[in-house]
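The lines below spell out each chain.
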Amino acid sequence: MNLYRKFHASRNRAQAFLIVLPIITVWMLWPTEERDRRLHPPTPVAVRHDPCIEVRPEFGPYQAAVIQTPGLYCIAVDFWQRRLSDFAGHTGPTTNEHLLGVISNDVTVDLANHILHTDGDSTGIVAVRIQEGKRPVPQNISIKNGVLDIRGLGSAVDVVDHWPLDKINASAPPDFTGFKKSGIVLDNLLIKTDNVGIMLEGDGNIIRNCIIESGGDSAIMMAGPNGQILNNTIILTEPLLPANRSDGFLSQFDSLSKFRNVQRAAIVLHRATGTIISGNRIEVKGTSQTYHNIYLTDASARVHIIGNTIVGPAEVVTFKKGSTAELKSNVVEKTKNKVWWRLQ
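Below, the structure is looked at part by part. (Residues numbered from 1 in each chain as written. Predicted model: local features only at pLDDT ≥ 70, side-chain atom pairs only at ≥ 80, totals over all residues. Heavy atoms only, no water.)

What follows covers the environment of Met-221. If you trace the backbone, Met-221 turns up in strand β17 (residues 218–223). Spatially, the C-alpha atoms of Met-221 and Gly-197 are 8.0 Å apart, while their sequence positions differ by 24 residues. Leave out the neighbours within four places in its chain, and Met-221 touches Leu-165, Asp-166, Lys-167, Ile-168, Val-196, Ile-198, Met-199, Leu-200 and Val-268. (Helix = DSSP H or I, 4+ residues; strand = E, 2+ residues; numbered from the N terminus. Contact = heavy atoms within 4.5 Å.)

Here you go:
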């Protein structure tokens, strides 16, 4: 009898342990404000002493701000946006919101080691081109020295005129007339997103000295010639659940199975003639045949891919629709496929 009771007591303890263990694991891995606030740019910068216009989030639940005139701006505090829900089941902020809007040309935004964070579905930073007269002028927008921690459906940086860049094979609109000079510079940023990390359209955009970690279809999507992607660490993750949240477990499971068959790439370039990709460390996690490192499409000609380190089993470059490239001094680091139940 005692043996019977001991057996059932041991079995009950084991069942309780198996129930509690996943809860503890999720609790330990769940992002908290204290953990998130330890994030910092790749190279922390000294406090500014030269004049700049301070930017703080506007009053209200969405913790957002707008820049509407040219100048040098510095972020004065962390922007900490939370997902909000009401009793009717509505949640916000939605994908129509963003943490920082730039409605002006000739703007420099120094995040000054601060964090722009959301666990809603907002985009991080959105910039709109301002037309001055009949001749198009460059936007000349620089964003540097901080963290964009975007944990919902939004991208970290979205500067697009016409070309939709939400999917890897998104085509130009039928009435597309060509690229305008942009002059967007992203420098010394840590970017963490559940979706596409960066979407840039235009002639002459630059991404340098950044760490970009994306769980979406791409870490970087660019449309336009003469770009530069220099000295970044770019990681395309394979999340447990894709960013496009669905209602119900079965819908999420179905989304996950479809997600592994979606075309995804660390870097996607459309019509990117003359673009330089150099000095980057590029890692694509997962082994699906639809995952790529560098994906060139829409006649991206004479792209220079030089001195990069590629981590993972995928080919260095995938060429589509008449794209060409010069490949030189790139290093490929193969990774072993690990299975979770294999201890060694």
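Let's pick the thread back up.
In this section: the pairing of strand β24 (residues 303–306). Across the two faces of β24 the burial differs, with Val-303 and Ile-305 buried and His-304 and Ile-306 not buried at all. Pairing analysis gives three bridges linking strand β21 (residues 276–278) to β24, with the strands arranged parallel. Directly across from Ile-276, in β24, lies its bridge partner His-304. Here four bridges tie β24 to strand β27 (residues 325–328), and the two strands are oriented parallel to one another. What sits directly across from His-304, in β27, is Glu-326. (Buried < 20%, exposed > 50% of the residue type's maximum accessible area, 1.4 Å probe, protein only. Pairing = 2+ DSSP bridges.)

The phi dihedral of Asn-226 falls on the positive side, at around 60°, and the residue is not glycine. According to the relative accessible area criterion, Asn-226 is partly exposed, its value standing at 41%. Even without glycine at this site, Asp-298 takes up a positive phi of about 55°. Relative to the helices and strands, Asp-298 resides in the loop between β23 (291–297) and β24. Using a relative accessible area of 14% as the deciding quantity, one classes Asp-298 as buried.

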